[in-house]
Amino acid sequence: MLAAFAAIVLVACGKPESAAMETVESLAANPERLKTLREQCRLERAKMGDELCNRVSEATRKRFYGNGNVPYTPPKEPPKF
């Protein structure tokens, strides 16, 4: 009986399933969810977990930097001033 109660308490205290299943790509595609999780990770990282907060950080980086391709290509010859 005590073991069953302990198991129920541990399951109830676990991380939410939806947050644990989020990928970097899904977070980067959903800016509102990303903003919410960034705030939660900032305030209570121990509760949220390093794995999820690291994915949130990576998604934030991807949204900021994009895919890494630079749309600007400098001219072959420098401009004359």
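Here is what the cut-offs are and how they apply
Residues numbered from 1 in each chain as written. Predicted model: local features only at pLDDT ≥ 70, side-chain atom pairs only at ≥ 80, totals over all residues. Heavy atoms only, no water. Helix = DSSP H or I, 4+ residues; strand = E, 2+ residues; numbered from the N terminus. Expected span 1.5 Å × (residues − 1). Buried < 20%, exposed > 50% of the residue type's maximum accessible area, 1.4 Å probe, protein only. Arc of directions from axis to C-beta. Disulfide = S-S within 2.5 Å. Axes fitted to C-alpha atoms, helices over the stretch in contact; angles between N-to-C directions. Parallel < 35°, antiparallel > 145°, perpendicular 65-115°, else oblique. Left-handed = near helix turned anticlockwise from the far one by under 90°. Contact = heavy atoms within 4.5 Å. Nonpolar A, V, L, I, M, F, W, Y, C, P; charged D, E, K, R; others polar. Phe/Tyr/Trp six-rings, centres within 6.5 Å; stacked < 30°, edge-to-face > 60°.

Looking at an unreviewed UniProt entry, the chain carries the name EexN family lipoprotein, with the source organism given as Diaphorobacter limosus.

A.B. asks: I'm lost on helix α6 (residues 50–65) in this one. Help?
C.D. replies: Across its 16 residues, α6 extends 22 Å between first and last C-alpha, which sits within 8% of the 22 Å expected from 1.5 Å per residue. Turning to α6, its buried residues are L52, C53, R55, V56 and A59. Looking straight down α6, one finds its buried side chains confined to an arc of 155°; they lie on one side. Away from the buried face of α6 by more than 90 degrees, exposed residues E51, F64 and Y65 are located.

A.B. asks: What is the right way to read the state of the cysteines from this model?
C.D. replies: Here is the idea: a disulfide is a covalent bond, and it sits between the sulfur atoms of two cysteines. The final tally for this structure, using the stated rule, is one disulfide. At a sulfur-sulfur separation of 2.1 Å, the disulfide partner of C41 is C53. Around the S-S axis, the bridge from C41 to C53 shows a dihedral of about -95° and counts as left-handed. Of this pair, C41 sits in helix α4 (residues 31–43) while C53 is found in helix α6, placing the two residues twelve residues apart along the sequence. Note on C41: relative accessible area 8%, which makes it buried.

A.B. asks: Looking at this structure, how should I read the packing of α4 against α6?
C.D. replies: Two elements in contact, α4 and α6, have axes whose closest approach is 10 Å; the angle formed by their N-to-C orientations is 130°. When the interaxial angle is binned, α4 and α6 end up oblique. Handedness of the crossing formed by α4 with α6: left-handed. On α6, the residues touching P31, L34, L37, R38 and C41 of α4 are L52, C53, V56, A59, T60 and R63. For the contact of α4 with α6, the per-class residue count stands at eight nonpolar, one polar and two charged.

A.B. asks: Which parts of the structure should I look at to understand the packing of aromatic side chains?
C.D. replies: The geometry of an aromatic ring pair is captured by two quantities: the separation of the ring centres and the angle between the planes. Enumeration over the complete set of coordinates arrives at one aromatic pair. A centroid spacing of 5.0 Å and a plane angle of 85° characterise the contact between F64 and Y65, whose relative ring orientation is edge-to-face. A residue is classified by how much of its surface remains accessible, and F64, at 66% relative accessible area, is exposed. Take Y65: its relative accessible area is 56%, and that puts it in the exposed class.

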